[in-house]
Amino acid sequence: MRLDTISLKGWLALALVPLAIFAVFYVVPVFQLFWLSLSRFDPSVGIIPAVDPGYFIEFLTDGYYLGILGRTVFVSLAATLATAILAYPLAIYLLTSKGWRQTSLLVALVLPLVTSSIVVSYGWLILLGQKGLVNNLAMGLGITSEPLQLMYTDTGIVIGLTHVLLVFMSLSIAASMQGIDANLAKAARSLGATPWTTFRKITFPLTLPGLRTGCLLVFSLSMSAYATPVLIGGSRRKVLSYLIYQQSSSLLNWPFAAAMAVVLLVSTLGIVGLVRLYERVRKNAARHGAVAVEAGR
Amino acid sequence: MDRSLEPRDRALDANSQQRAAAATAAARSIAGGARSAEPHIEIVNMSYIEIQDLEVRYGNFQALSGVSFNVAERERICLLGPSGCGKTTTLQVMAGFVAPSGGEVRLAGRSLTGLAPEKRNIGIMFQNYALFPHMTVFDNVAFGLRMRGVAPSEIKRQAMAALERVRLAHAAQKMPGMMSGGEQQRIAFARAVVIKPSLLLLDEPFSNLDARLRQEMRGELLELLAGLPIATVMVTHDQEEAMAIADRIVVMRAGRIQQIGTPGEIYSSPMSLFAARFIGDSNTFAGKVTKADGNGVEVEIAGLGHIRGRNHGLSAGDKAEILVRPQHVTLAKPGFAEGQRNVVPATVERVLFLGHRTEIHVRLGDGTMFIVWAQEHGGPDVQQGAAVTLAWNVTDTFAFPGAG
């Protein structure tokens, strides 16, 4: 069916239902969150309605909180980078393999997603512990003499997040790779490009939209991930979602929890926005460059 | 790296006439003619590309078996056949994308076996052009030169020269997606030849274009190839395309070569029913051989009588397929008879006036349909339902072993 057989109004009517759901279940709570974040809290009284940026000031001036925000951003960026690097060979294998190999790879990728992340993280607990499989293997092979500290470290959190979120990166890169004409790579090879150069100059640039989607998904999911970083990082390696949980459920300080949630939302959107802005500037520069070449001929 | 092939000597930039003459001479002597090339023409390497006993097997499927042919320097060869005949696989083997399970390809005396595609110096124009969509037209053409580490100023000069040759220099900074099909094909051509390839491969170059544009592009490609003394191998399923472009045609079927020859040879002396049917239009009918010797055959066709024709390996008692081209048949008055001609009575079913010729559909006594082309101006004077006699020369009648 051609998309333009239904008029714009028709599509709007059809989009009204999901838009309404989005408004009721997302926009309204977010506004409430913003409103709540400006309130005050007293343990003996409860929430006091106010318009006071006090909690924001408290958060943004305290090195302890900023450190946790920094770690959250850092592990999210690291997990994004790790999934991106791991996803390319996986995506290529996924597209080139057939039959049971392809199916088992897909199942392996999706499995951590359909399994409760608590179960998955306990799995990592067993693997990454002082007497876990990874350490036994490393010491058995003589790579280290003392057990590596992997549990309760940022590295551990990144490993766990990478595992759980790899599927998003792999599938979005595979989706954009699938759309690439196989003759393009052949053309590049026939023109003298090695397989690696072909990947760098042809395949990789053409999968950028998929990579962008994958990064967006993995980064924002990492920023707001709770179970994985909490189970692997514990209370020694806190991330922002852990602090929010602590404030809201243990201390019942909902306004402060709301303020931190807003900080999390804004920093996630801010970083994504900055990347977008950078891309646009570069694209414009490239276009101007092309025009300059044209003029210089 | 040192195994990569040298670009061919550009000094061979002979003009198009000389090229054509050399190729014709080449074709003539390959075809078995004893004449040697004229002395003023430089000696052409007759086996510039040697393809020997190529075998390709995919699982249980034998894609190519015993494919061997040579390509002379500057010669244009067309691999012609229906889809699945192995023509594209042959091209893929030459380009290095498919490793043959047997046989080899030799280019200028060197075996290409095991040589990666990027080291073969072979230009390819793909069926769908395969232009890099994220690069400008200029960057597409410059790609091969950049891979060869050519100096930037030289890249610019050569790529622009290639684009000028296809009259697209003005579009250098456009993206390929903004160009029309015909323009994209010209860019693909420029990109394939700018690297001065040792061999040019064309994969179904016109199949993506509509009928009118196809004719136009065929003329265009012929012109571009004329100024370019490069051995060319083209793959097509369109016999007209093959005949228009090729010096020699390799007819393929089910992974095997059926016949190799100039378009004229294959058209006038097909060696198999398949080749005869594939090149040119034809009328066929089946029968049984009653007499056969070196001079010809006589075939009995149920309900039509005896037909005489040229013998292609038949002996008395064999099943035979008779083939006649529509333009060799003339319409005569009922009762017409002549010693050197086959005659068959028929009834006119339809008369189609097509401008440059008139196509007459007739029904024979045994019920088979027969197509006759008449070239007379204004069309022949025949009416629907008229009884006629079809007459054609015995020498225009091909008899091949029949199926079963």
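Residues numbered from 1 in each chain as written. Chains lettered and ligands numbered in written order. Predicted model: local features only at pLDDT ≥ 70, side-chain atom pairs only at ≥ 80, totals over all residues.

K.L.:
Teacher, can you tell me more about the overall build of chain A here?
P.N.:
In terms of helices and strands, chain A carries 13 helices and 2 strands. Its C-alpha atoms give chain A principal-axis dimensions of roughly 75 × 65 × 45 Å. Considering only contacts within chain A whose residues lie at least 6 apart along the sequence, 71% involve residues at least 24 apart. (Helix = DSSP H or I, 4+ residues; strand = E, 2+ residues; numbered from the N terminus. Contact = placed C-beta atoms within 7 Å.)

K.L.:
In this structure, what is going on with the environment of Phe143 of chain B? I would like to understand it.
P.N.:
All names here are of chain B. Mapping Phe143 onto the fold places it in helix H3 (residues 137–147). For Phe143, a count of 25 C-beta atoms within 10 Å translates into the label buried. When the C-alpha atoms of Phe143 and Phe132 are compared, they prove to be 9.5 Å apart, with 11 residues separating the residues in sequence. (Buried ≥ 20, exposed ≤ 12 C-beta atoms within 10 Å, placed from the backbone.)

K.L.:
Could you clarify how one ought to interpret the domain arrangement of chain B in this entry?
P.N.:
Size of an interface, as often reported, equals the accessible area lost when the parts are brought together. All names here are of chain B. Here chain B is described as being made up of domain 1 (10–121 + 196–273) and domain 2 (281–401). Counting from both sides, the interface comprises 4 residues of domain 1 and, opposite them, 5 residues of domain 2. Each residue belonging to the side of domain 1 that touches domain 2 can be placed in one class, and the counts come to 3 nonpolar, 1 polar and no charged. (Domains from an automatic or database assignment. Nonpolar A, V, L, I, M, F, W, Y, C, P; charged D, E, K, R; others polar.)

K.L.:
What should I look at first to understand the interface of chain A and chain B in this one?
P.N.:
Between chain A and chain B, the contact holds 18 residues from the first and 19 residues from the second. Put simply, the parts of the chain that give the side of chain A that touches chain B at least two residues each are helix H8 (182–190), helix H9 (195–206) and helix H13 (254–296) of chain A. For the side of chain A that touches chain B, the element with the most residues is H8 of chain A, which contributes 6 residues. Class assignment for the residues of the side of chain A that touches chain B results in 9 nonpolar, 5 polar and 4 charged.

K.L.:
It is not clear to me how the pairing of strand S12 (residues 296–301) of chain B should be interpreted in this structure. Could you clarify?
P.N.:
Residues and elements named next belong to chain B. Looking at chain direction, strand S11 (residues 283–293) and S12 are connected through 5 bridges and run antiparallel. Directly across from Ala292, in S12, lies its bridge partner Val297. As paired strands, S12 and strand S13 (residues 305–311) are joined by 5 bridges and run antiparallel to one another. For Val297, the partnering residue across the bridge sits in S13 and is Gly309. Hairpin remark: S12 followed by S13, antiparallel, with 3 residues in the connecting loop; positive phi at Gly303, about 85°. (Pairing = 2+ DSSP bridges.)

K.L.:
Is there a simple way to think about the sheet that holds strand S19 (residues 387–393) of chain B in this case?
P.N.:
Residues and elements named next belong to chain B. In space, the 5 strands of this open sheet follow the order S15-S19-S16-S17-S18, with antiparallel pairing throughout. Of all strands in the sheet, those with a lone pairing partner are strand S15 (330–332) and strand S18 (369–374), marking the two edges. Here the strands of the sheet are splayed against their neighbours by 50° on average, with no regard to which way each runs. Note: strand S16 (residues 341–353) against S19, 7 bridges, orientation antiparallel. Its bridge partner lying in S19, Val344 is registered against Leu390. (Axes fitted to C-alpha atoms, helices over the stretch in contact; angles between N-to-C directions.)

K.L.:
Got a minute to help me understand the environment of Phe34 of chain A in this structure?
P.N.:
Here Phe34 of chain A shows up in helix H1 (residues 8–37). Accessibility expressed as a C-beta count within 10 Å gives 14 for Phe34 of chain A, which makes it partly exposed.

K.L.:
Any chance you could explain the sheet that holds strand S8 (residues 232–236) of chain B here in plain terms?
P.N.:
By way of backbone hydrogen bonds, the strands of a sheet pair with one another, either parallel or antiparallel. Residues and elements named next belong to chain B. Across the sheet, 6 strands lie side by side as S6-S7-S8-S3-S9-S10; this open sheet has mixed pairing. Each edge of the open sheet carries a strand with a single partner, namely strand S6 (122–125) and strand S10 (256–261). Across this sheet, the average inter-strand angle for adjacent strands is 20°, counted without regard to direction. Where strand S3 (residues 76–80) lies against S8, 5 bridges are found, and the strand directions are parallel. Bridging from a neighbouring strand, Ile77 pairs with Val233 of S8.

K.L.:
Looking at this model, I keep getting lost on the pairing of S16 of chain B. Mind explaining?
P.N.:
Looking along a regular strand, one sees the side chains alternate between the two faces of the sheet. Residues and elements named next belong to chain B. Sheet analysis places S16 next to strand S17 (residues 358–364), joined by 7 bridges and oriented antiparallel. Of the residues in S17, the one forming a bridge with Arg350 is His361. The hairpin formed by S16 and S17 contains 4 residues between the paired strands, and Gly355 there has a positive phi angle of roughly 90°.

K.L.:
Sorry, what's going on with the environment of Glu118 of chain B here?
P.N.:
Of note, Glu118 of chain B is situated in the loop between strand S5 (110–111) and S6. With near-sequence residues (within four places) excluded, Glu118 of chain B lies in contact with Arg189, Gly192, Ala193 and Thr194 of chain A.

K.L.:
When you look at the nonpolar core in this model, what are you seeing that I'm missing?
P.N.:
Nonpolar side chains in soluble globular proteins generally cluster together in the buried interior. Formed by 105 residues in total, the largest nonpolar core has its most connected members in Cys78, Val141, Leu201 and Val250 of chain B. When residues of this core are assigned to domains, at least three map to each of domain 1 (10–121 + 196–273) and domain 2 (281–401) of chain B. The contact partners of Cys78 of chain B, leaving out residues within four places of it in the chain, are Met234, Thr236, Ala242, Ile245, Ala246, Ile249 and Val250 of chain B. Among the nonpolar cores identified, the runner-up in size contains 51 residues, and Ile159, Leu166, Ile232 and Ala258 of chain A belong to it. (Core = buried A, V, L, I, M, F, W, Y, C linked by C-beta atoms within 7 Å.)

K.L.:
Could you clarify how one ought to interpret helix H2 (residues 87–95) of chain B in this entry?
P.N.:
Turn by turn, an α-helix covers 3.6 residues, leaving residues three or four places apart pointing in a common direction. All names here are of chain B. Most of H2 sits out of view: 9 of its 9 residues are buried. Every buried residue of H2 is listed here: Lys87, Thr88, Thr89, Thr90, Leu91, Gln92, Val93, Met94 and Ala95. Phi for Gly96, located one or two positions after H2, is positive at around 95°.

K.L.:
Explanation requested: helix H4 (residues 99–114) of chain A in the structure shown.
P.N.:
Residue and element names in this part refer to chain A. With 16 residues, H4 should cover 22 Å at 1.5 Å per step; its first-to-last C-alpha distance of 22 Å lies within 8% of that length. Its maximal kink placed at Ala108, H4 deviates by approximately 25°, while the proline Pro112 follows within four residues. With 1 of 16 residues buried, H4 lies mostly on the surface of the structure. (Expected span 1.5 Å × (residues − 1). Bend = angle between axes of the 7 residues up to and from the residue.)

K.L.:
Looking at this model, I keep getting lost on the packing of helix H3 (residues 63–96) of chain A against helix H10 (residues 208–224) of chain A. Mind explaining?
P.N.:
In helix packing, the relevant descriptors are the interaxial angle and the interaxial distance, both defined with respect to the helix axes. Residue and element names in this part refer to chain A. Contact geometry of H3 with H10 gives a least axis separation of 9 Å together with a crossing angle of 145°. Between H3 and H10 lies a crossing whose hand is right-handed. From H3, Thr72, Val75, Ser76, Ala79, Thr80, Thr83, Ala84 and Ala87 reach across to H10, where they touch Leu211, Gly214, Cys215, Val218, Phe219, Ser222 and Met223. Of the residues assigned to the contact of H3 with H10, the class counts are 9 nonpolar, 6 polar and no charged. (Left-handed = near helix turned anticlockwise from the far one by under 90°.)

K.L.:
Help me out: how do you make sense of unusual backbone geometry in this one?
P.N.:
Note: most residues except glycine have negative phi, and most peptide bonds are trans. All names here are of chain B. Of note, Arg74 is a non-glycine position whose phi angle comes to about 65°, a positive value. Structurally, Arg74 can be placed in the loop between strand S2 (61–71) and S3. Look at Arg74 and you get buried, because 24 C-beta atoms sit within 10 Å. The backbone phi angle of Lys196 is positive, close to 50°, even though this residue is not glycine. Summarising the element assignment, Lys196 is placed in the loop between helix H5 (181–193) and strand S7 (199–203). Taking the C-beta count within 10 Å as the criterion, Lys196 has 18 such neighbours and is therefore assigned partly exposed.

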